[in-house]
Amino acid sequence: MATTDRQATTLALAHALSAAERGLAVIPLSRTKLPALRSPHRAGPAPDQSSCHGECGRFGHGVHDASTDPARIRELFAAAPWATGYGIACGLAPHHLVGVDLDTKSETDSSAALRELALRHLFTIPPTVVVLTPSGGRHLWLTGPPEAVVPNSAGRLAPGIDIRGAGGYLVGPGSRTRHGVYTTAPGTSHLPPAPCPPALLRLLLPPPRAPHGTPDAHDGRGLVHFVLAAHEGQRNTRLFWAACRAYENGIGPALLGPLLDAARATGLTEREARTTIASAARMTGHHP
């Protein structure tokens, strides 16, 4: 490995350990911003491994490998000596991090779009950690309440605004990618992630489910139709939300088959759908 790569890995590990001290669970990333460790099941997992999120005991399960334990973090980086960055898992205790990614790749002014949303829905973004991306974008770090499962989304809130929530991760400041280095905006590195404004949080969360009563067959049909109506870019998010509601309402096992069928109809593979549903089951404290 070149000296510069070794230095980048050493710096990434140092930044990751520093983030872990703040209670942020981390994983090593490659220069592509993807998890540095490949899945141990990529050669063709057995059916019962398709939803493995680390239970097999090996590294390579993406954000499910994330940890705040310094010893484990060093092991992760030792297994990926080519890593030049680190990812910070969202949605985990104690911060329950929610990332607002203001992108610059689209023709839309994402910062202006966020200001318009703030004016329309009467909220302001409090002072918080802001990470500057090499492309000129910004990541705003916010925290959500423990009971709120904010899904990942791309452009759903507004064009150019992506949301990193449960099951997602943010590229940590100090990470080096193919396009440059992620840095903390001046004057924000000492700040804790600020609470997400309630009005914004309501926009990030899917519509609430029925507040009382045991779900009947109609509730299950509604969740299935919610998945079937997904467009590209929404499929995993909608499936994750529907599966969360199904498990919370006690109909997760009964709705597994219909949700899988709906997910496949939108274009997801069975493996992708099973992995997403398994994540929802784990997030809600159930076993798929």
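What counts and what doesn't
Residues numbered from 1 in each chain as written. Predicted model: local features only at pLDDT ≥ 70, side-chain atom pairs only at ≥ 80, totals over all residues. Heavy atoms only, no water. 1 Å grid on protein atoms, 1.4 Å probe; cavity = no way out; pocket = protein on both sides within 12 Å on 5 of 7 lines; lining within 4 Å. Points joined across faces, edges and corners; volume = space filled by probe spheres on them. Nonpolar A, V, L, I, M, F, W, Y, C, P; charged D, E, K, R; others polar. Phe/Tyr/Trp six-rings, centres within 6.5 Å; stacked < 30°, edge-to-face > 60°. Lys NZ or Arg CZ within 6 Å of the ring centre and 35° of its normal. Helix = DSSP H or I, 4+ residues; strand = E, 2+ residues; numbered from the N terminus. Polar contact = N/O pair within 3.5 Å; in protein donor to acceptor, adjacent residues only side chain to side chain. Salt bridge = Lys/Arg side-chain N within 4 Å of Asp/Glu carboxyl O. Buried < 20%, exposed > 50% of the residue type's maximum accessible area, 1.4 Å probe, protein only.

A. Main features of empty space enclosed by the protein. In this structure the tally under the stated criterion is two cavities of 30 Å³ or more. Of the pockets and cavities examined, the largest cavity occupies roughly 50 Å³. The class makeup of the residues in the lining of the largest cavity is five nonpolar, three polar and one charged. Of the pockets and cavities examined, the second largest cavity occupies roughly 40 Å³.

B. Region of the structure containing the packing of aromatic side chains. Considering all chains together, one arrives at zero aromatic pairs under this definition. The ring of Phe 226 has Arg 238 sitting right over it, with the charged end atom 4.2 Å from the ring centre.

C. Representation of the side chain of Thr 128. Examined against the element boundaries, Thr 128 turns out to sit in the loop between α3 (110-121) and β4 (130-132). Within the structure, Thr 128 has its side chain in polar contact with the backbone oxygen of Trp 141 (distance 2.4 Å).

D. Geometry of the pattern of salt bridges. Inspection of every chain in the model, using the stated rule, returns six salt bridges. Between Arg 264 and Glu 270 there is a salt bridge, with the nearest N and O atoms lying 3.2 Å from each other. Note on Arg 264: relative accessible area 35%, which makes it partly exposed. A residue is classified by how much of its surface remains accessible, and Glu 270, at 34% relative accessible area, is partly exposed. Note that Glu 270 and Arg 274 form a salt bridge whose closest N and O atoms lie 2.8 Å from each other.

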